[in-house]
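Read off the chains here:
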Amino acid sequence: MTVSYPLAELVAQLGGRVLGKANVRVTQISTLEHAQANQISFLTNSKYRAQLASTKAGAVILGEADADATELPRIISDNPYAYFAKVSALLNPLPQVFAGVHPSAIVSDSAKIDKTACIEATAVISAGATIGAHSVIGAGCYVGDNVVIGNHVRLYPRVVVYHDCVIGNNLIAHSGVVIGGDGFGIAMDAGRWIKIPQIGRVVIGNDVEIGANTTIDRGALDDTVIEDGVKLDNQIQIAHNVRIGAHTAIAGCVGIAGSTTIGKYCLIGGSAGILGHLQITDRVEISAFSLIGKSIREAGSYTAIFPFSKTEEWRANAVHLRHLDELVKRVKTLENTIGKDA
Amino acid sequence: MTVSYPLAELVAQLGGRVLGKANVRVTQISTLEHAQANQISFLTNSKYRAQLASTKAGAVILGEADADATELPRIISDNPYAYFAKVSALLNPLPQVFAGVHPSAIVSDSAKIDKTACIEATAVISAGATIGAHSVIGAGCYVGDNVVIGNHVRLYPRVVVYHDCVIGNNLIAHSGVVIGGDGFGIAMDAGRWIKIPQIGRVVIGNDVEIGANTTIDRGALDDTVIEDGVKLDNQIQIAHNVRIGAHTAIAGCVGIAGSTTIGKYCLIGGSAGILGHLQITDRVEISAFSLIGKSIREAGSYTAIFPFSKTEEWRANAVHLRHLDELVKRVKTLENTIGKDA
Amino acid sequence: MTVSYPLAELVAQLGGRVLGKANVRVTQISTLEHAQANQISFLTNSKYRAQLASTKAGAVILGEADADATELPRIISDNPYAYFAKVSALLNPLPQVFAGVHPSAIVSDSAKIDKTACIEATAVISAGATIGAHSVIGAGCYVGDNVVIGNHVRLYPRVVVYHDCVIGNNLIAHSGVVIGGDGFGIAMDAGRWIKIPQIGRVVIGNDVEIGANTTIDRGALDDTVIEDGVKLDNQIQIAHNVRIGAHTAIAGCVGIAGSTTIGKYCLIGGSAGILGHLQITDRVEISAFSLIGKSIREAGSYTAIFPFSKTEEWRANAVHLRHLDELVKRVKTLENTIGKDA
């Protein structure tokens, strides 16, 4: 199933322009370091220009600023990184999916499965669920009662979607994802926790991707909402009644507590956290490992990282954090003393 | 399957007292903001009293202090949050479960399945396992050899319980939970790690809830123990030989290292961590994102959070943490100099 | 299936020497505190010597330094902790595995299953996959197209291995592990994220163990690589194109960002993080909860932990971190003033 494209056809489909031989054919995309003669590579940052001299790639994708940095056959694009993604998608089409329900799948009589959809082995589709056109429900997935899944959705093996959740078109959910488990709602009553029924849903827009083992809890009363174009990495925890704005991207292991709203086009670094009931405005960047404990009203970059050092140095420095208030008072006293003296 | 209750019947079942029309019927619970005329809402904090004026709810649940804050039909309770939970449970009964073993489930001949239990599609029940009365083993769950599961337990789809673990009554375990995987026990021997067999079990008391994708490892020699009434959110990691005291609640993404004992009625915030071989006494609160590195002998609240700020401000401030010991010495020198001068 | 060994046979198989009665038989290993007369215990740290006096163990494993610390029958070893692990493995053999494919498993005609392998109930083995000798594919596992799995591999129930990944011999992967999900590769193009196809694989060496719900993403272009003897605890996230050096051990909940290379014999504490595109040399120790944001060229121990304290003390101290740069400037001013005065 190897496919190949001449550069001329790539630009015909994807835009940009060719410099050098436009009939060079490429069969795969690769790094400058590892590319072979039948492969195309790319340069997304001029500071790696030196690698152009030594690459064995048959062609490269470059930005305008680097257009003349090599004599290799090349495609010039305004956004070489996105161009690379598009070329890779052409050269690496998804495996063909065969419509139909595997004999080992367990599908409720009242489920509505589009005839172009694929239900893989041992998947379970519950009563009243709807699976849209060209969607693939992977092996061992579980789709609960009355779930609605749109078109061109791909659930990889062992994804669980609890009852009543709604998923738009083009979702990609990787293995181990759990959508719609109960939010963590408990009330203390006479020395015991009482469970608060979680009667909201999870509602996911179009063009969302969710990484392996990420969990998104259903709402307590209202819904948990993931807007269009949101991209979630692996092992993320989204609590009940969170809303994530369109086109926000979140790296692995992030935890977002209940009822927090995150704006559009935010970027959240790995293992960061956001406490509950906060508002994060659009276009906020949160660094990896940073806990956000208050609402953020202004776009920009926010950080809370303890700088690492050799352990013995850390020990010498960190001990003073438990006495920082005292240190500040000592400095104040010195200032007062000097001030009085002066 | 809509149910409805008049206020009079709610107080007959749940206590409290009605002010206003006791024959008003409610069919669902909702927030003050979104409630409709056939719904009941609640106010758990007097500072949101203003919302009472604009709510369209047909009735509300209030604390004594707010009993006269509206003329809506209302139930007065000492603990309106817990009351709300109980009303919601009445209005949202769990779907009825049909006893029996789905034909696609794989059940060992030597497993003992109560005749009121439900084994859903594609679940696997291994040799010698016991499933108690009214328990539901969800689709695709795996129950290992000789596992004992009590009554009224609910395993959502794709839960795994390894061999020999013991689970009490009323456990709710959400999808992706893994109970009884091997603890992380390795010994270095001549440049290679040797595995230490993990021969303990996981023993879980009554009335426990475990969130999606949480993992609880089996003990190395003795057992890992989760006491009655413990509530665990999603994506938590409980290492081998940990003991969690009764009615402790732990938020998402927390990691607890091996052989640590946590007391009763503790509250542990999201993404917090507790190192191994520690003792945490009863009624300790640990803030989100805080690492506890020593035993805590005194009830109270503990925190270790680096405050976030704009990244440029963080950069200016955080750089000094690597020189904090030097700063303290400089202040000491100043104090000595001033002291000598004075 | 109880097995028992006299001490004489243990040293014949495992080395070391016996002091006291060599014909004492032991059936299980236990802690000094809980051991019974037919059990063997061990002391790995001389500071717990006092427990030797009260133990009811029938025999103990000791280091040379403690050889005379008891009169109990005992085995003396250079490395009593590793010795304990080996004795435990003898006393706790894995349950026997029966070769063959369970009738409910779904195995592609083009898969190559060694005749000594065991494919458990409801497992799915895809086209072109290879399963080596004596390997066990647990209930509900999914093995993708063309995956190669070596000999003596144990996948516990509900492990997923995506297409084309390569796994060496003796892997142990616990439930919920996902190997080969797509890396988090996205490119912004005109206000929308484009997916970057992840066409690399995950390649895992020999003698690796992976804890429950850990995820290892496939490479974007080249492979993600886990070298021989690596030990990974639960809930770890390994991003695309990471390389982990041989015999490195990583505790639970760690996140490692894309394209980072970690050396051999590193030890990484729980919930630590390592940013992307970094180089960590051999024999680096990273403390729990520490974020590593730059490459580490020198072996040793590194830490970035905010020390915990009572919340009111934390509040008083932490507030100054947002003004640390100002504090340093105030000290500088004082130094200048004093210097001028002096």
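Peer 1: What exactly am I supposed to notice about the overall build of chain A here?
Peer 2: Secondary structure assignment for chain A yields five helices and 40 strands. The C-alpha atoms of chain A give 26 Å as radius of gyration, which overshoots the globular expectation for 342 residues (20 Å, by more than 25%). The proportion of buried residues among the 342 residues of chain A is 55%. Taking all contacts inside chain A whose residues are at least 6 apart in sequence as the whole, residues at least 24 apart take part in 19%.

Peer 1: I tried to follow the sheet that holds strand 29 (residues 237-238) of chain B on my own but got confused; where do I start?
Peer 2: Consider a sheet: its strands pair through backbone hydrogen bonds, and that pairing is either parallel or antiparallel. Strands sit in the order 9-12-15-18-21-26-29-32-35-38 (chain B) across an open sheet of 10 strands; the sheet is parallel. Both edges of this open sheet fall to strand 9 (106-107) and strand 38 (291-292) of chain B, since each of them pairs with a single strand only.

Peer 1: What am I meant to see in the environment of V254(A) here?
Peer 2: Residue and element names in this part refer to chain A. Structurally, the position occupied by V254 is in the loop between strand 31 (249-250) and strand 32 (255-256). Take V254: there are 26 C-beta atoms within 10 Å of it, and that puts it in the buried class. As a C-alpha pair, V254 and I268 span 14 residues in sequence and 7.9 Å in three-dimensional space. Sequence-distant contacts of V254, defined by excluding residues within four places in its chain, comprise I236, I268, G270, S271, A272 and G273.

Peer 1: How should I be thinking about helix 4 (residues 311-318) of chain B in this particular structure?
Peer 2: Every α-helix winds through 3.6 residues per turn, so residues three or four apart in the chain are directed the same way. Those residues of helix 4 of chain B that sit buried are W314(B), N317(B) and A318(B). Angularly, the buried residues of helix 4 of chain B cover 90° about the axis, an arc narrow enough to put them on a single face.

Peer 1: Just checking my understanding: could you explain the relation of the copies chain B and chain A for this structure?
Peer 2: Mapping one chain copy onto the other needs a rotation about an axis and a shift along that axis. Mapping chain B onto chain A leaves a residual RMSD of 0.0 Å; the transformation is a rotation of 120° accompanied by 0.0 Å of translation along its axis. The superposition of one copy onto the other is thereby described by a three-fold rotation axis.

Peer 1: Where do I start with the interface of chain B and chain A in this structure?
Peer 2: The accessible area lost on association of the parts is a frequent measure of interface size. The interface of chain B with chain A comprises 59 residues on the first partner and 59 residues on the second. Looking at the side of chain B that touches chain A, the elements that each hand over two or more residues are helix 3 (80-91), strand 40 (309-310), helix 4 and helix 5 (324-341) of chain B. For the side of chain B that touches chain A, the element with the highest residue contribution is helix 5 of chain B, accounting for seven residues. Of the residues that constitute the side of chain B that touches chain A, the class distribution is 27 nonpolar, 23 polar and nine charged.

Peer 1: Got a minute to help me understand the packing of helix 1 (residues 7-14) of chain C against helix 3 (residues 80-91) of chain C in this structure?
Peer 2: How two helices pack is summed up by the angle between their axes together with the distance between the axes. All names here are of chain C. The geometry of helix 1 relative to helix 3 is characterised by a closest axis approach of 11 Å and an angle of 110° between their N-to-C directions. When the axis of helix 1 is compared with that of helix 3, the two are roughly perpendicular. The handedness of the crossing between helix 1 and helix 3 is right-handed. Residues L10, Q13 and L14 of helix 1 pack against Y83, K86, V87 and L90 of helix 3. Partitioned by chemical class, the residues of the contact of helix 1 with helix 3 number five nonpolar, one polar and one charged.

Peer 1: Would you mind going over the nonpolar core with me for this structure?
Peer 2: Soluble, globular proteins show a tendency: their nonpolar side chains are buried together. One finds I119(A), I125(A), V143(A), I125(B), V143(B), I125(C) and V143(C) to be the most contacted residues of the largest nonpolar core, which totals 259 residues. In this structure V143(B) touches V124(B), I125(B), S126(B), A129(B), I137(B), I149(B) and V161(B), once residues within four positions along its chain are discounted. Grouped together as the second largest cluster of nonpolar side chains are 25 residues, L7(A), I29(A), A59(A) and I61(A) included.

Peer 1: Sorry, what's going on with the domain arrangement of chain A here?
Peer 2: Each assigned domain of chain A is listed here: domain 1 (5-91), domain 2 (100-302) and domain 3 (311-341). A separation of 47 Å is found between the C-alpha centroids of domain 2 of chain A and domain 3 of chain A.

Peer 1: Looking at this model, I keep getting lost on unusual backbone geometry. Mind explaining?
Peer 2: Glycine aside, the phi torsion of most residues is negative, and most peptide linkages are trans. The backbone phi angle of N213(A) is positive, close to 60°, even though this residue is not glycine. We classify N213(A) as buried; it has 31 C-beta atoms within 10 Å.

Peer 1: How should I be thinking about the pairing of strand 6 (residues 59-62) of chain C in this particular structure?
Peer 2: Looking down a regular strand, the side chains alternate between one sheet face and the other. All names here are of chain C. What you see with strand 6 is no split at all: A59 and I61 on one side and V60 and L62 on the other are buried throughout. The pairing of strand 5 (residues 39-42) with strand 6 spans three bridges and is classified as parallel. Within strand 6, the position partnered with S41 by the bridge is V60.

Peer 1: Would you take a moment to explain the interface of chain C and chain B for this structure?
Peer 2: Residue-level contacts link 59 residues of chain C with 59 residues of chain B. Contributing elements (two or more residues each) for the side of chain C that touches chain B: helix 3, strand 40 (309-310), helix 4 (311-318) and helix 5 (324-341) of chain C. Counting residues per element, the side of chain C that touches chain B draws most heavily on helix 5 of chain C, at seven residues. Residues that form the side of chain C that touches chain B fall into these classes: 27 nonpolar, 23 polar and nine charged.

Peer 1: Explanation requested: the environment of L278(B) in the structure shown.
Peer 2: Residues and elements named next belong to chain B. As for its position among the elements, L278 is in the loop between strand 35 (273-274) and strand 36 (279-280). The spatial distance from the C-alpha of L278 to the C-alpha of F306 is 23 Å, given a sequence separation of 28 residues. The contact partners of L278, leaving out residues within four places of it in the chain, are T260, I292, K294 and S295.

Peer 1: Where do I start with the pairing of strand 22 (residues 186-189) of chain B in this structure?
Peer 2: Sheet topology note: the strand 22 of chain B/strand 23 (residues 192-195) of chain B ladder contains four bridges and is antiparallel. Bridging across to strand 23 of chain B, D189(B) finds its partner in R192(B).

Peer 1: It is not clear to me how the sheet that holds strand 7 (residues 74-76) of chain B should be interpreted in this structure. Could you clarify?
Peer 2: All names here are of chain B. The five strands are arranged 2-7-6-5-4 in an open sheet whose pairing can be described as mixed. Here the strands that pair on one side only, and so sit at the sheet edges, are strand 2 (17-19) and strand 4 (28-29). In the sheet, strand 4 pairs with strand 5 (residues 39-42) via two bridges, with the strands oriented parallel. Residue Q28 lies in a different strand from strand 5, and its bridge partner there is Q39. Contacts between helix 1 (residues 7-14) and the sheet are confined to strand 2, strand 6 (59-62) and strand 7, with strand 2 contributing the most and set at about 155° to the helix.

Peer 1: Looking at this model, I keep getting lost on the environment of P103(A). Mind explaining?
Peer 2: Relative to the elements of secondary structure, P103(A) occurs in the loop between strand 8 (100-101) and strand 9 (106-107). Distance from P103(A) to A121(A), taken between C-alpha atoms, is 7.1 Å for residues 18 residues apart in sequence.

Peer 1: How should the confidence of the model for chain A be read in this particular structure?
Peer 2: Detailed reading of the predicted model is not advised wherever pLDDT is low. Summing up the model confidence of chain A, the mean pLDDT is 96 and the portion of residues at 70 or higher is 99%. Scored by ipTM, the complex comes to 0.96, with pTM at 0.97.

Criteria and cut-off values
Residues numbered from 1 in each chain as written. Chains lettered and ligands numbered in written order. Predicted model: local features only at pLDDT ≥ 70, side-chain atom pairs only at ≥ 80, totals over all residues. Helix = DSSP H or I, 4+ residues; strand = E, 2+ residues; numbered from the N terminus. Rg over C-alpha atoms; globule rule 2.2 N^0.38 Å. Buried ≥ 20, exposed ≤ 12 C-beta atoms within 10 Å, placed from the backbone. Contact = placed C-beta atoms within 7 Å. Pairing = 2+ DSSP bridges. Arc of directions from axis to C-beta. Least-squares fit on C-alpha atoms with pLDDT ≥ 70 in both. Nonpolar A, V, L, I, M, F, W, Y, C, P; charged D, E, K, R; others polar. Axes fitted to C-alpha atoms, helices over the stretch in contact; angles between N-to-C directions. Parallel < 35°, antiparallel > 145°, perpendicular 65-115°, else oblique. Left-handed = near helix turned anticlockwise from the far one by under 90°. Core = buried A, V, L, I, M, F, W, Y, C linked by C-beta atoms within 7 Å. Domains from an automatic or database assignment. pLDDT = per-residue confidence, 0-100.

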